[in-house]
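Architecture at a glance
Each chain, written out:
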Amino acid sequence: MLALQLLFNAIALGAAYALVALGFVLILNATSAVNFAQGDLVMVGGFGALAFGSLLGLPGIVLLVPLLVVMIGIGFLLAFVAYFPVRKRPPDTVFITTIAAGIIMSNGANAIFGPEPRATPSLVSSGDWQIGGLVVSYQSAAVIIVAAALIVGLHLLFTRTQIGRRLRATAQDRDVAASIGIPVNLMVAATFAVGAALAGAAGLLLSRNFFVSPTDGANYMLKAYIAVTLGGWGSIPGAVIGALIIAAFEVAFPALPALIPALAPYAEAFTQVWSTVVLYVLILLILWQRPQGLFGEAVRARP
Amino acid sequence: MNTVLDIEQIEVRYGGVTALRDVSLKVAPGQAVALLGANGAGKSTLLKTVIGLMRARTGDVRFDGRSIATLPPQRRARLGVGYCPEGRRTFPGLQVRENLMVACWEGRAERERRVEEMFSLFPALRQKADHLAWQLSGGQQQMLAIGRSLMGRPRLLLLDEPSLGLSPVLTDEVIGRIPAIKQTGTAILLAEQNAAKALAVCDHAYVLQTGKVVGAGPAGELARSADVRKAFLGG
């Protein structure tokens, strides 16, 4: 039963991380550049949810709608401030401009909301179901459902609609995409908007249980980066699986002494701090063995 | 002369190097024109300048009598210029069907019809419809790239080196589709190193050498001309 509970908790956490990583990898594929503001967009989403919550007094799941609209706008803005002016420069220029944009967001949030951690409204209401020994909180269940719905929606957008095909075509070969009539700059800007919307949604989902404070961006950024590295740089399913792996590890590690009786005498070693150390050691080991990440690219050059 | 494409004395630079100098060229509606020349003569640069991936420093590019020299590629494509790049460059992570669909700007029904048209033009693509483009052979990718460039029903198709890397049999199969494409009313500008095969399917031809037009004329005449034979057809 404990294992089942841990699995449920890991999926709830991993689903939210997956949204952050997905947004990151979509922008990566569209621009070949790393958007280092992705973590700060999660933080902005958290504070956005907080602001809409105190303004409207509605449950989080309803706030998602205006929040996504605002985050789409912020994504377009980010593209026009931090990407288009430097897009013909080497990709590391975009590292710097997106880091700068992230710092602006972080300090802006500090100026408006203050440095203390805040909790956003719950998605539906507080409470839980007890199923056998399993505790399923409404919040965690709603997080999974919302994240899954967004991921499925994204998948349908990319595979079933013309705009989705055009977004993918633009990411794969921008010049050729332009030469068949695709407005490529608009597509790239739209990709930033989608990436920001996903990050913002994750901010809403995560900031109930984990709070939001202006300096949270770096932590989420690192997790997205690691998830995408682990999953295979540029791989979209890999990003989701990488996020789930990180979440599973974060949830399972502190519980190991309870799961495995032989470890019980060393229970004090299974802390948050050691969890982080072990996670990164494991990532190093994995990358030594598989520098391309766990999942090879779906797209290869034909031999 | 009524022209679909009228290139007037363009000069194009590539970095600091002049890739095209004082090049003029005309394509009449429904005409197939071959652009011959060795590797590096400027054929690809010329086609890229027509679609807008490169810009002419001087001179003008007119499509249907209207100057398109300052328009971005996507505007030129929507006006009716089709471009099939050298090296095929199909979208590797899109299915064959998606590669075609993404290049069409009509509604769903018309889009499906045109996909079917491309499958009739290149039957080999039909069995591969749900494969990702990177999984296709070189010849199939070339057919897909041509199909993609025809999805917008262009009035001018720019075809860059379609025989590159293909076996002679496949080259014949791909170049052999040109008369069928021409029959639909699409004019063609075909850049090809394989002069004999290009001249066999084209009405008119230009010869480029180090960025300049050094010869032009009806395809049949050029095929018989001693100079062209010496330069491209092996004597």
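These figures come from a predicted structure and were not determined experimentally.

1. Here's the deal with the overall build of chain A
- Looking only at helices and strands, one finds 12 helices and two strands in chain A.
- Walking chain A from its N terminus toward its C terminus, one meets helices and strands in the order α-α-α-α-β-β-α-α-α-α-α-α-α-α.
- Taking 303 residues into account, the globule formula puts the C-alpha radius of gyration at 19 Å, and chain A, at 20 Å, falls close to it.
- With respect to the three principal axes, the spread of C-alpha positions in chain A is 65 × 55 × 35 Å.
- A burial count over chain A gives 46% of its 303 residues as buried.
- In chain A, the proportion of contacts linking residues at least 24 apart, taken out of those at least 6 apart, comes to 77%.

2. Topic: the pairing of strand S2 (residues 134-137) of chain A
Residue and element names in this part refer to chain A.
- As judged from the four bridges shared by strand S1 (residues 128-131) and S2, these two strands associate in the antiparallel manner. Within S2, the position partnered with Asp128 by the bridge is Ser137.
- The antiparallel hairpin formed by S1 and S2 contains two residues in its connecting segment, where Gly132 sits at a positive phi of about 60 degrees.

3. Focus: the sheet that holds strand S1 (residues 5-14) of chain B
All names here are of chain B.
- Spatially, four strands are ordered S2-S1-S4-S5 in an open sheet, and the strand pairing comes out antiparallel. Since the sheet does not close on itself, it has two edges, and those belong to strand S2 (17-27) and strand S5 (66-67), each with one partner.
- Looking at chain direction, strand S4 (residues 58-63) and S5 are connected through two bridges and run antiparallel. Paired with Arg62 across the bridge in S5 is Ser67.
- Sheet contacts for helix H1 (residues 43-51): S1, S2 and S4; angle to S1, the most-contacted strand, approximately 115 degrees.

4. Some remarks on the confidence of the model for chain A
All names here are of chain A.
- Taken residue by residue, chain A gives an average pLDDT of 92. The fraction at 70 or more is 97%.
- Of all helices and strands in chain A, the one with the weakest mean pLDDT is helix H12 (residues 272-289) (86), whereas helix H8 (residues 184-206) scores best (97).
- Ignoring residues within four places in sequence, the model shows residues 298-303, a span with pLDDT below 50, making seven contacts including any to other chains.

5. Topic: the pairing of strand S9 (residues 204-209) of chain B
Residue and element names in this part refer to chain B.
- With five of its six residues buried, S9 lies for the most part within the structure.
- Examined bridge by bridge, strand S3 (residues 32-36) and S9 share four bridges and lie parallel to one another. Paired with Val33 across the strands is His204, a residue of S9.
- With six bridges connecting them, S9 and strand S10 (residues 212-218) associate as antiparallel partners. When the sheet's bridge partners are listed, Gln209 is paired in S10 with Lys212.

6. Re the interface of chain B and chain A
- Listed per partner, the contact involves 23 residues of chain B and 19 residues of chain A.
- Tallying contributions element by element places helix H2 (residues 73-79) of chain B first for the side of chain B that touches chain A, with four residues.

7. A few points about the packing of helix H2 (residues 38-56) of chain A against helix H9 (residues 217-231) of chain A
All names here are of chain A.
- Running from amino to carboxyl end, H2 crosses H9 at an angle of 130 degrees, the nearest separation of the two axes being 7 Å. Compared by their axis directions, H2 and H9 come out oblique. Crossing of H2 against H9: the hand is right-handed. Contact residues: Gln38, Gly39, Asp40, Val42 and Met43 in H2; Gly217, Ala218, Asn219, Tyr220, Met221 and Ala224 in H9.
- Here the contact of H2 with H9 is composed, by residue class, of six nonpolar, four polar and one charged.

8. Description of the domain arrangement of chain B
Residues and elements named next belong to chain B.
- What the domain assignment reports for chain B is domain 1 (1-80 + 161-168 + 192-235) and domain 2 (88-154).
- The distance between the C-alpha centroids of domain 1 and domain 2 comes to 25 Å.
- For the side of domain 1 that touches domain 2, the class distribution of residues is three nonpolar, two polar and one charged.

9. Let's talk about the packing of H2 of chain A against H8 of chain A
Residue and element names in this part refer to chain A.
- Direction vectors running N to C along H2 and H8 enclose 55 degrees, while the axes themselves pass 7 Å from each other. The angle between H2 and H8 falls in the class oblique. H2 and H8 meet at a crossing whose hand is right-handed. Together, Gln38, Leu41, Val42, Met43, Val44, Gly45, Gly46, Gly48 and Ala49 of H2 and Gly195, Ala196, Ala199, Gly200, Ala201, Ala202, Gly203, Leu204 and Leu206 of H8 make up the contact between the two elements.
- Across the contact of H2 with H8, the residue classes break down as 11 nonpolar, seven polar and no charged.

10. Digging into the environment of Gly242 of chain A
Residue and element names in this part refer to chain A.
- Looking at where Gly242 falls in the secondary structure, it is placed in helix H10 (residues 236-252).
- Judged by C-beta crowding, with 30 C-beta atoms within 10 Å, Gly242 ranks as buried.
- It is 9.1 Å that separates the C-alpha atoms of Gly242 and Tyr17, two residues lying 225 residues apart in sequence.

11. Some words on the environment of Glu86 of chain B
Residue and element names in this part refer to chain B.
- With respect to the helices and strands, Glu86 occurs in the loop between strand S6 (81-84) and helix H3 (96-101).
- Between the alpha carbons of Glu86 and Val23 there is a distance of 20 Å; along the sequence they are 63 residues apart.
- Each residue touching Glu86, except ones within four places of it in the same chain, is listed here: Ser44, Asp160, Glu161 and Leu164.

12. Re the nonpolar core
- One finds Ala18, Val20 and Ala21 of chain A together with Val33, Leu158, Leu189 and Leu190 of chain B to be the most contacted residues of the largest nonpolar core, which totals 166 residues.
- In terms of residue count, the dominant contributor to this core is helix H1 (residues 2-31) of chain A (17 residues).
- Of the domains in this structure, domain 1 (1-80 + 161-168 + 192-235) and domain 2 (88-154) of chain B are the two that each give at least three residues to this core.
- Apart from residues lying up to four places away in sequence, Leu189 of chain B is in contact with Leu5, Val27, Val33, Leu35, Leu47, Leu156, Leu158 and Leu159 of chain B.

13. A few points about the sheet that holds S6 of chain B
Residues and elements named next belong to chain B.
- Here six strands make up an open sheet; going across it, the order is S6-S7-S8-S3-S9-S10 and the pairing mixed. Edge strands, defined here as strands with exactly one partner in the open sheet, are S6 and S10. Within the sheet, the average angular offset between the axes of one strand and its neighbour, ignoring direction, is 15 degrees.
- Relative to strand S7 (residues 156-160), S6 runs parallel, the two being bridged by four bridges. Paired with Cys84 across the bridge in S7 is Leu159.
- On top of the sheet, H1 reaches S3, S6, S7, strand S8 (187-192) and S9; it is set at about 150 degrees to S7, its chief contact.
- Most of the contacts of helix H6 (residues 138-150) go to S6, to which it runs at about 165 degrees, and overall it touches S6 and S7.

What counts, and where the lines are drawn
- Residues numbered from 1 in each chain as written.
- Chains lettered and ligands numbered in written order.
- Predicted model: local features only at pLDDT ≥ 70, side-chain atom pairs only at ≥ 80, totals over all residues.
- Helix = DSSP H or I, 4+ residues; strand = E, 2+ residues; numbered from the N terminus.
- Rg over C-alpha atoms; globule rule 2.2 N^0.38 Å.
- Buried ≥ 20, exposed ≤ 12 C-beta atoms within 10 Å, placed from the backbone.
- Contact = placed C-beta atoms within 7 Å.
- Pairing = 2+ DSSP bridges.
- Axes fitted to C-alpha atoms, helices over the stretch in contact; angles between N-to-C directions.
- pLDDT = per-residue confidence, 0-100.
- Parallel < 35°, antiparallel > 145°, perpendicular 65-115°, else oblique.
- Left-handed = near helix turned anticlockwise from the far one by under 90°.
- Nonpolar A, V, L, I, M, F, W, Y, C, P; charged D, E, K, R; others polar.
- Domains from an automatic or database assignment.
- Core = buried A, V, L, I, M, F, W, Y, C linked by C-beta atoms within 7 Å.

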